[in-house]
Each structure stands twice: as C-alpha cells, then as structure tokens.
Amino acid sequence: MDSRGPVSVDEEVAALSRGADRDSLFLQAGLILPGRTDPVIVRVRNLSPGGMLAEGKVRVEQGAAIEVDLKNIGPVPGRVVWAGEGKFGIAFDHQIDPQAVRRQVVSQSDLPPHLRRSGLERGPLYRRR
C-alpha cells in the first residue's frame, strides 16, 4: 500500500472531501461549464460541505473550473477533481451547508388560501373534527 500523502492541490481537495460526511440524495442542479452560458442539468448523487458527486450526460474535463447552482444556496464555484463515465466529482472553492440544499422553502403565497395565516391566529393551522 502506498503511504504517501496527496501531492497536488486537486488530490488534497479530493482527500478532504472524501473524509467529510456526505449526504446521499437525488436532486438536480444546474452546472455552468466554461465557455457555455446555459446551465446543464445534472443529478446530485451525494453532497458534502466540500464537494459533490454529479451524474449527467455532459462531458467535463478534470481540473475544469465550473459553477454549480444548488437549490437554496445559489451558484457555488468549484473544480472538477475527477471525471469518469457519466459521473464526476466536484470540489467546492468554499464550504457549504448540505442541509440547506435539502430544506424545503415554502412561502405564504405558495400555500392555498385556506392554509394561509394572517398572523392573528393562535394555535395550530388545523382543526380537529
């Protein structure tokens, strides 16, 4: 077994990302590649504070600077640290909160009128019958 440590920045980032707790999930994200203006939709297979595993029908090069548009967080810059057959790993330039991506954000306007609260009510949104 080879006991040497990471030798390049990419290997170092990948080693840190692999060591972090990852959330397995199935979400979509917009991937913005160099030279393209339109985002490509990819599947997020797992997500950690330092990076993610993505899957999609897109060709990416190892080392490419990209941006991932994550739900509830927005655009996150990063780099492709490895690329394989339809899957690739991305290391983020800065840490994110993976739980924020999973959170569902519901505003009052998203609710049907009978479930909206005026702010004057006391107690739960529902009534027992």
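Here is a short report on the structure shown in this document. (Residues numbered from 1 in each chain as written. Predicted model: local features only at pLDDT ≥ 70, side-chain atom pairs only at ≥ 80, totals over all residues. Heavy atoms only, no water.)

Okay, the nonpolar core next. One recurring pattern in soluble globular proteins: nonpolar side chains tend to sit buried together. One finds Leu-31, Met-52, Leu-70 and Phe-88 to be the most contacted residues of the largest nonpolar core, which totals 22 residues. Within the residue set of this core, elements represented by two or more residues are strand E1 (23-32), strand E2 (40-48), strand E3 (51-55), strand E4 (65-70), strand E5 (74-83) and strand E6 (87-92). For this core, the leading source of residues is E2, giving 4 residues. Setting aside anything within four residues of it in sequence, one finds Phe-88 in contact with Leu-31, Val-42, Met-52, Leu-53, Ala-54, Val-58, Val-60, Val-80, Trp-82 and Ala-83. (Core = buried A, V, L, I, M, F, W, Y, C linked by side-chain atoms within 4.5 Å. Buried < 20%, exposed > 50% of the residue type's maximum accessible area, 1.4 Å probe, protein only. Helix = DSSP H or I, 4+ residues; strand = E, 2+ residues; numbered from the N terminus. Contact = heavy atoms within 4.5 Å.)

What follows deals with the pairing of E5. Relative to E5, E4 runs antiparallel, the two being bridged by 6 bridges. In the strand pairing of E5, Leu-70 is matched with Gly-74. What sits between the antiparallel neighbours E5 and E6 is a turn of 3 residues, in which Gly-86 has the positive phi angle 80°. (Pairing = 2+ DSSP bridges.)

Right, let's get into the environment of Arg-102. With respect to the helices, strands and loops of the structure, Arg-102 is situated in helix H2 (residues 98-102). In this structure Arg-102 comes out as partly exposed when scored by relative accessible area, which is 39%. Separated by 30 residues in the primary sequence, Arg-102 and Asn-72 place their C-alpha atoms 8.2 Å from one another.

Moving on, we come to the pattern of salt bridges. Inspection of the entire model under this criterion finds 3 salt bridges. A salt bridge links Arg-43 to Glu-55; its shortest N-O distance comes to 3.3 Å. Taken together, the residues Arg-43 in strand E2 and Glu-55 in strand E3 connect sequence positions 12 residues apart. Overall, the relative accessible area of 16% leaves Glu-55 in the buried class. Glu-55 serves as the salt-bridge partner of Lys-87, at 3.9 Å between the closest nitrogen and oxygen. Highlighted residues: Lys-87 in strand E6 and Glu-55 in strand E3, separated in sequence by 32 residues. (Salt bridge = Lys/Arg side-chain N within 4 Å of Asp/Glu carboxyl O.)

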